[in-house]
Amino acid sequence: MVWTGTWVAERLGVELIGDEALPALLGLALRRNPKRAHLLVSSVLGKHVPQRPSVVYGSGLDLGRRVRELLGDEEAARSVVLGYAETATALGHAVADGLGPAPYLHSTRRPVAGVVRAGGFEESHSHATSHLLLPEDPKLLAGNGPLVLVDDEFSTGNTVLNTIRALHEDHPRERYVVVALVDMRSAADHDRLDAFATEIGARIDLIAGAAGTVRLPDGVLEKGQALVAEHEGAPGTQDPARAPETGPARDVPGLPAAPPPEPLPSAPRGPHVRVELGWPGGLPDGGRHGFTTEHRERLEAALPTMADTIALALPPAARPAGPRPRVLVLGCEELMYAPLRLGTALEAAGHDVRYSTTTRSPVLAVDDPGYAIRTRIVFPAHDDPADGPGERYAYNVAGAGFDAVVLVVDSAADTPFLYAPDGLLARLAAHVPHVVLAVVPSYAPRVTGAPEAPDTPEAPERSSMLPEPLRGPAFSSYAPEEVGWLLQDLSDVELEAPTEEREEAIQSGGAHYAESLPVEYQPSARYQELFHAALESSAARMARAVGTVTETVLAERSPRPVLVSLARAGTPVGVLMRRWAQARHGLDLPHYAVSIVRGRGIDANALRWLAAHHDPTDVVFVDGWTGKGAITRELAEAIGGFEGFEPEIAVLADPGSCVRTYGTREDFLIPSACLNSTVSGLISRTVLRSDLIGPNDFHGAKFYRELAGADVSRAFLDAVADRFDEVAAAVDTDVKELLATDRTPTWEGWAAVERISEEYGIHDVNLVKPGVGETTRVLLRRVPWKILAKRGAGADLAHVRLLAEQRGVPVEEVDQLPYSCVGLIHPQYTKGATGADGKAVASQ
């Protein structure tokens, strides 16, 4: 039988040295991680490799029994077990079960409102480093009995040392026991653990299922990254119907172009069967907030009945005397123990069962018997993670010959995104003929001092704690009455990164575009001349569109609307709409700017503030233009949980036919798209990063005060507003025609984007940016590949052609383009995709 580490070992020279049992316990794979090239893939953990539940559970039980023998009954009764998210949550549970009377807690990467942190620590080599400790009972970690720390592998000891150091400072104890399936430390790391135990004056024991080390040749990280780059996307390496490489934008590529899609369902639908488990009321779904021996007894008593319920939903055997169907029980990230125990119960009842879970960890898949990860299914996160959405993975499920998969999620992950066309249920159904969904209620801890009524609304209380909007001149160069920014001022934070570095991080999944800012583009004298020429030539056309969209809003939505622009492209439009209403009707309309981030939604705290200060039915969201409709869909999905807000955007230009309320559907040059902050009140694009933005904070942005000398924000507004009287008669005619017209969106632009994505071999609609405004953004902020220009397009594209010339980007004239131009971001970008000067390479 071929060892599942052979493929990596032969290509990178990695060696596994140690106990004879190691090759049976571990295989090797390559990960997309800048800190470590290889991944040790356990065959008995139940994370990446489907395994019999009894084997997975039994491995942990055996380790727990060994800990009990080491400690003795008296000390075992005083111990607490702590497991690590996400891979070791079920392993830690099983160790606690084997140990006997010990309560269990595992770290988590999911913050829970109202639960006070009892600690936290970092996992230095992981792709997602921060761990939180959120016990319901704050005394759980405060005792002085032995603390048993459980992880799947003990590689350097850094994570364990970080944990012990953090906890020992507040609650010192005399004894710690470290438990792992495999101990892969080097000799130096052995010595370091001993020295650390002496330093803190405590005893630290270690118990492992097997021991050894990994020998890595020089340059293995670079070689591993090169191998990943070579094989990523090759046949057999991934789910053929996978999500976009840049992560799960909520504008889903598989949706039809017309008519516009229905909102994502709030109730299950699709090719699956849902079962009601009958999970015992009040029983925690795992150890995120603590799991006691009483909880364990309740679960054991309920498991047979829940397993019978699942069995009734499984397909029958092919023939009466034939084999039972091959079933996979699939858990969800940290939710490992509940599905594992359901799997053991099914196995005990005679079913042919394997068990594994989904994961955040990005690993290369190679369909080779000497490689541990043969296939992967890629899907968007569906549990509203605190660090924002991203890709998630299920390994070795596709092509594994399963007749049925039982997907077990907690209710926090039972969201519309689970049922989306690119969601996990659909992905599984593409590979497994029978899908069963079982939802375990997410446990809600009792929070000290919290009101008894569990459904008391939080929004008014939380919104009252939010600050008042930021206004100029303290924040932005706009007059204070023109706009209030529902943002947090991050002006003193260094957030800028070179464009090429940002592009590589975004496309590799290493970062979200909203976590950093591009370096502000400083226009040349020639480019500034183009801007002023464009403003002079298009000011009247823009004024006409401003008047048309404003009058349409006043006629259809509200006689006194609250304008809420989507920062920052929508904010100049919101200011101009406010000026039109004031000039033509004497209305002094409120105007605020809020952040919306593709893939992460609108700022929920900003919505709470608006709901506390205005009637949500009066709110009209405003943006500059539509491209393919990504933000339109993002908004519709994001405000679903907020009562009263209308999920529609009013835009100046709607060339993609994505909205009902617009000034024009022509794709013309909106001069504010030509520049960045210097035409938007000196405000940056918005930022959403977990280390800067807390759960009760507005999203952030910077005020570039130092660019005041180049600011044209007010000049732009004045130039357009000066044309209001000139276009008033034309606006009246336009509005009458629009109000009598069927303005149902056709999503024509979406269809064009999908076609272009396929024709040019990009296969990712997120890298296709249609329209003059979006193309300009590509040239200013991203790494452009090429520009498609509508044949015959004239002065509207002068600035696009200049920027393309400056960056060495080819401009291709095309026919039958519904937009004036389309910008293509360099697909699968790496630093090698540009020359030393940052200019794009020619298409291969």
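Residues numbered from 1 in each chain as written. Predicted model: local features only at pLDDT ≥ 70, side-chain atom pairs only at ≥ 80, totals over all residues. Heavy atoms only, no water.

Peer 1: Would you mind going over the packing of aromatic side chains in detail, with residue names and values included?
Peer 2: Tallying each qualifying case throughout the model produces 9 aromatic pairs. A centroid spacing of 5.1 Å and a plane angle of 80 degrees characterise the contact between Trp7 and Tyr371, whose relative ring orientation is edge-to-face. Pair noted here: Trp7 is in helix α1 (residues 6-12) and Tyr371 is in the loop between β13 (352-358) and β14 (376-380), with a separation of 364 residues, a long-range link. Exposure remark for Tyr371: the relative accessible area of 1% places this residue in the buried category. Seen in terms of ring centroids, Tyr592 and Trp609 are 5.2 Å apart; in terms of plane orientation they differ by 65 degrees. Their pairing is edge-to-face. Taken together, the residues Tyr592 in strand β23 (residues 591-597) and Trp609 in helix α15 (residues 604-613) connect sequence positions 17 residues apart. Classification of Trp609 by relative accessible area gives buried; the value is 2%. (Phe/Tyr/Trp six-rings, centres within 6.5 Å; stacked < 30°, edge-to-face > 60°. Helix = DSSP H or I, 4+ residues; strand = E, 2+ residues; numbered from the N terminus. Buried < 20%, exposed > 50% of the residue type's maximum accessible area, 1.4 Å probe, protein only.)

Peer 1: Let's hear about the sheet that holds strand β9 (residues 175-183): which residues, and what values?
Peer 2: Across the sheet, 6 strands lie side by side as β1-β10-β9-β8-β4-β5; this open sheet has mixed pairing. Because the sheet does not close on itself, it has two edges, and the strands there are β1 (15-18) and β5 (104-106). Between one strand and the next, the sheet's axes are offset by a mean angle of 25 degrees, whatever the strand orientation. Judged from the 4 bridges that link them, strand β4 (residues 80-83) and strand β8 (residues 147-154) form a sheet pairing that is parallel. Bridge assignment links Val80 to a residue of β8, and that residue is Leu147. Where helix α4 (residues 89-99) meets the sheet, its contacts fall on β4, β5, β8 and β9, and the angle it forms with β8 comes to roughly 135 degrees. (Pairing = 2+ DSSP bridges. Axes fitted to C-alpha atoms, helices over the stretch in contact; angles between N-to-C directions. Contact = heavy atoms within 4.5 Å.)

Peer 1: So, the confidence of the model for the chain: which residues are in play, and what are the values?
Peer 2: Counting all residues, the mean pLDDT for the chain is 82, and 84% of those residues have values of 70 or more. Every residue in residues 122-129 is under pLDDT 50, and counting partners more than four places away or in other chains gives 31 contacts. Long-range and interchain partners of residues 240-270, a stretch whose pLDDT sits below 50, account for 85 contacts in this model, where long-range means more than four residues apart. (pLDDT = per-residue confidence, 0-100.)

Peer 1: Got a sec to walk through the side chain of Asp97? Specific residues and values, please.
Peer 2: Looking at where Asp97 falls in the secondary structure, it is placed in helix α4. By relative accessible area, Asp97 is classed as buried at 13%. A distance of 2.5 Å separates a polar atom in the side chain of Asp97 from a polar atom in the side chain of Tyr57. In contact with Asp97, not counting residues within four places along its chain, are Tyr57, Leu61, Arg296, Tyr337 and Arg341. (Polar contact = N/O pair within 3.5 Å; in protein donor to acceptor, adjacent residues only side chain to side chain.)

Peer 1: Go over the packing of helix α14 (residues 570-585) against helix α18 (residues 724-739) with me, naming the residues and quoting the values.
Peer 2: Running from N to C, α14 and α18 cross one another at 85 degrees; their axes reach a closest spacing of 12 Å. Taken together, the axes of α14 and α18 lie roughly perpendicular to each other. Contact residues: α14 offers Leu576, Arg579, Trp580, Ala583 and Arg584, while α18 offers Phe724, Val727, Ala728, Val731 and Asp732. For the contact of α14 with α18, the class distribution of residues is 7 nonpolar, no polar and 3 charged. (Parallel < 35°, antiparallel > 145°, perpendicular 65-115°, else oblique. Nonpolar A, V, L, I, M, F, W, Y, C, P; charged D, E, K, R; others polar.)

Peer 1: Before we move on, can you summarise the environment of Gly343 with the specific residues and values?
Peer 2: Secondary-structure assignment places Gly343 in helix α9 (residues 337-348). Expressed as a C-alpha distance, the spacing of Gly343 and Tyr355, which sit 12 residues apart in the sequence, is 6.6 Å. Beyond its immediate stretch of four places on either side in the chain, Gly343 contacts Pro53, Val329 and Val353.

Peer 1: Which residues make up unusual backbone geometry, and what values go with them?
Peer 2: For the bond from Ala85 to Glu86, the omega torsion is 0 degrees, close enough to zero to count as cis. Note on placement: Glu86 falls in the loop between β4 and α4. Even without being a glycine, Leu682 presents a positive backbone phi close to 65 degrees. When you line up the elements, Leu682 lands in the loop between β27 (661-664) and β28 (700-701). Using a relative accessible area of 3% as the deciding quantity, one classes Leu682 as buried.

Peer 1: Tell me what's going on with the sheet that holds strand β16 (residues 404-410), and back it up with residues and numbers.
Peer 2: The sheet built from 5 strands is open, its strands ordered β11-β17-β16-β12-β13 with parallel pairing. For this open sheet the edge positions go to β11 (273-275) and β13, each flanked by a neighbour on one side alone. Each neighbouring strand pair of the sheet contributes to a mean axis angle of 25 degrees, computed without reference to strand direction. Examined bridge by bridge, strand β12 (residues 326-332) and β13 share 7 bridges and lie parallel to one another. The partner of Leu328 across the bridge, within β13, is Arg354. Contacts from helix α8 (residues 293-313) reach β11, β16 and β17 (435-440) within the one sheet, and its direction differs from that of β11 by about 160 degrees.

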